[in-house]
Amino acid sequence: DAGITQSPRYKITETGRQVTLMCHQTWSHSYMFWYRQDLGHGLRLIYYSAAADITDKGEVPDGYVVSRSKTENFPLTLESATRSQTSVYFCASIGGKTEAFFGQGTRLTVV
Amino acid sequence: DQQVKQNSPSLSVQEGRISILNCDYTNSMFDYFLWYKKYPAEGPTFLISISSIKDKNEDGRFTVFLNKSAKHLSLHIVPSQPGDSAVYFCAERGGNTPLVFGKGTRLSVIA
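Residues numbered from 1 in each chain as written. Chains lettered and ligands numbered in written order. Predicted model: local features only at pLDDT ≥ 70, side-chain atom pairs only at ≥ 80, totals over all residues. Heavy atoms only, no water.

A word on the overall build of chain B
- Of the regular secondary structure elements, chain B holds zero helices and eleven strands.
- The C-alpha atoms of chain B give 13 Å as radius of gyration, which agrees with the globular expectation for 111 residues (13 Å, within 12%).
- By its C-alpha atoms, chain B is 40 × 30 × 20 Å across when sized along the principal axes.
- Burial statistics for chain B: of 111 residues in total, 44% are counted as buried.
- Intrachain contacts of chain B at a sequence separation of at least 6 include 53% that bridge at least 24 residues.
- In the form shown here, chain B has an accessible surface area of approximately 5400 Å², with 49% of it arising from carbon and sulfur atoms. (Helix = DSSP H or I, 4+ residues; strand = E, 2+ residues; numbered from the N terminus. Rg over C-alpha atoms; globule rule 2.2 N^0.38 Å. Buried < 20%, exposed > 50% of the residue type's maximum accessible area, 1.4 Å probe, protein only. Contact = heavy atoms within 4.5 Å. Areas by Shrake-Rupley, 256 points an atom, 1.4 Å probe, with all protein chains shown as cover.)

Structural data, given as structure tokens:
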């Protein structure tokens, strides 16, 4: 299916565990982004990537790692999960047009 | 400091009436302004946008107004329908920078 997909949709993990959220887009868009949504904070940028092998920090990057070895994939890794990382995570991409397209989100709970 | 502010966390409107959602920004370098709509358990979806060289853009029931001197953006929905009930995010972008989002406004359209 064309579009942008995230996996898993739901994840429960324990404090201190490493967890990776996957994001895959089929459009070959150059730009990809990771946002987290929290009550009272809206959508905050974690990391973004302008192209394969190019990544940059956003507003709230601490505790997260990203990679972009292929244009279509942009995984987000929590190296040692903390309860403050409980959130809904959204991946997005932008191609030639300016509007970003979002995945359906991953709800992560850290217990 | 927040670059994009949506000062109303929530708004209730009767069906058939006009809904007006507001957004203020601080960065004069933004050149593209967007509105996204988000339903629970789904990713944000693009609604309408406006370039900084325009002051109005219309798409069906949705109209976005841009007042650059006041650094103010608004979304008008006329007539409002129950299916419009969602969280609305304004977002801004300058050049190749990532989208910067406001905290969102929850719109409830009452039948």
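Observations regarding unusual backbone geometry
- Cis geometry marks the peptide bond from Ser 7 of chain A to Pro 8 of chain A; its omega dihedral reads -5°.
- Take Pro 8 of chain A: it is sitting in the loop between strand S1 (4–7) and strand S2 (10–13).
- Along the chain, Val 78 of chain B connects to Pro 79 of chain B via a cis peptide bond; the corresponding omega equals -10°.
- As for its position among the elements, Pro 79 of chain B is in the loop between strand S8 (72–77) and strand S9 (86–93).
- Positioned with a positive phi, Lys 71 of chain B is a non-glycine residue whose angle comes to about 55°.
- Along the chain, Lys 71 of chain B falls in the loop between strand S7 (62–67) and S8.

Some details on the packing of aromatic side chains
- With the rule as written, the count across this model stands at 16 aromatic pairs over all chains.
- Centroid distance Tyr 31 of chain A to Phe 33 of chain A: 6.1 Å. Interplanar angle 10°. Geometry classified as stacked. Neither Tyr 31 of chain A nor Phe 33 of chain A differs from the other in exposure class; each is buried.
- One cation-aromatic arrangement involves Arg 68 of chain A over Phe 74 of chain A; the distance from NZ or CZ to the ring centre is 5.9 Å.
- Over the face of the ring belonging to Tyr 31 of chain A we find Arg 93 of chain B, whose NZ or CZ atom lies 5.4 Å from the ring centre. (Phe/Tyr/Trp six-rings, centres within 6.5 Å; stacked < 30°, edge-to-face > 60°. Lys NZ or Arg CZ within 6 Å of the ring centre and 35° of its normal.)

Notes on the interface of chain B and chain A
- Chain B puts 17 residues into the contact, and the matching count from chain A is 19 residues.
- When the two sides are added together, the surface that chain B and chain A hide from each other amounts to roughly 1600 Å², 64% of it contributed by carbon and sulfur.
- Viewed at the interface, chain A and chain B are joined by zero salt bridges.
- Take the side of chain B that touches chain A: its biggest share by element is four residues, from strand S4 (residues 32–38) of chain B.
- Its residues placed into classes, the side of chain B that touches chain A shows ten nonpolar, three polar and four charged. (Buried area = accessible area lost by both parts, 1.4 Å probe. Salt bridge = Lys/Arg side-chain N within 4 Å of Asp/Glu carboxyl O. Nonpolar A, V, L, I, M, F, W, Y, C, P; charged D, E, K, R; others polar.)

Take it as geometry only, folks, not as evidence of what the structure does.
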